Amino acid sequence: MNVPEDAPATFQAAWNAHDMQALGSLFEEDATFVNRFGHYVRGVDAIVKMHVPIHETVYSDSTQQNELIDVDHIADGVAVIHFWSRLSAGVAHPAGPHQVDTLILAVLRKRNDSWRIRSLENVTLTNPRTGEAVLR
């Protein structure tokens, strides 16, 4: 990634290609990832390992559409970004085709003229009264 603003589109491209090695390449070697269910992992290998099985099964025909919200440069070579993400699950998902909206927060760091994700957290949008997932 040449700038932090590239993160949502490159994440989306890797997801939609179901290329988890490409997804892993967006992260620093010891990055952390928290998925929308609160599963925490550290390291590229663990991030890839968490995603490979779901892309071989329930999300094998899923797509993602991401939209940048904002970028805050908090120090030289460090940025925090937020972006919306809409996951469209297909017929491979046990619940059938459906959509889920999440909000992603990521911290990126620049090293050797390239930006990588240091930490990412994904939160499902829900109705606070019912816990039901909602679309934005």
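Scroll up a little and you will see the structure.
Residues numbered from 1 in each chain as written. Predicted model: local features only at pLDDT ≥ 70, side-chain atom pairs only at ≥ 80, totals over all residues. Heavy atoms only, no water.

Draft legend 1. Representation of the overall build of the protein chain. Within the protein chain one finds three helices and six strands. Ordered by position in the sequence, the α and β elements of the protein chain form the string α-α-β-β-α-β-β-β-β. Taking 136 residues into account, the globule formula puts the C-alpha radius of gyration at 14 Å, and the protein chain, at 15 Å, falls close to it. Oriented by its inertia axes, the alpha-carbon framework of the protein chain measures out at about 45 × 30 × 25 Å. Every one of the 136 residues in the protein chain was classed for burial, and the buried ones make up 40%. As displayed, the protein chain offers around 7,300 Å² of accessible surface, 51% of which is attributable to carbon and sulfur atoms. (Helix = DSSP H or I, 4+ residues; strand = E, 2+ residues; numbered from the N terminus. Rg over C-alpha atoms; globule rule 2.2 N^0.38 Å. Buried < 20%, exposed > 50% of the residue type's maximum accessible area, 1.4 Å probe, protein only. Areas by Shrake-Rupley, 256 points an atom, 1.4 Å probe, with all protein chains shown as cover.)

Draft legend 2. Here's a closer look at the pairing of strand S6 (residues 114-124). The sheet contact formed by strand S1 (residues 27-34) and S6 spans four bridges and is parallel. Considered in S6, the bridge of Thr32 is made with Ser119. By the bridge criterion, ten bridges tie strand S5 (residues 98-111) to S6 in an arrangement that is antiparallel. Along S6, the bridge assignment pairs Arg111 with Ser114. (Pairing = 2+ DSSP bridges.)

Draft legend 3. Representation of the pairing of strand S4 (residues 78-89) within the structure. The sheet contact formed by strand S3 (residues 63-75) and S4 spans eleven bridges and is antiparallel. Bridge assignment links Ala75 to a residue of S4, and that residue is Val78. Where S4 and S5 come together, twelve bridges link them in antiparallel fashion. Looking at the pairing, Trp84 lines up with Leu103 of S5.

Draft legend 4. Here's a closer look at helix H3 (residues 44-56). End to end, H3 covers 18 Å across 13 residues, agreeing with the expected 18 Å (1.5 Å per residue, within 8%). Buried within H3 we find Val44, Ile47, Val48, Met50, His51 and His55. All buried residues of H3 lie within an arc of 160° about the axis, which places them on one face of the element. Opposite the packed face of H3, turned more than 90 degrees from it, sit the exposed residues Asp45, Lys49 and Glu56. (Expected span 1.5 Å × (residues − 1). Arc of directions from axis to C-beta.)

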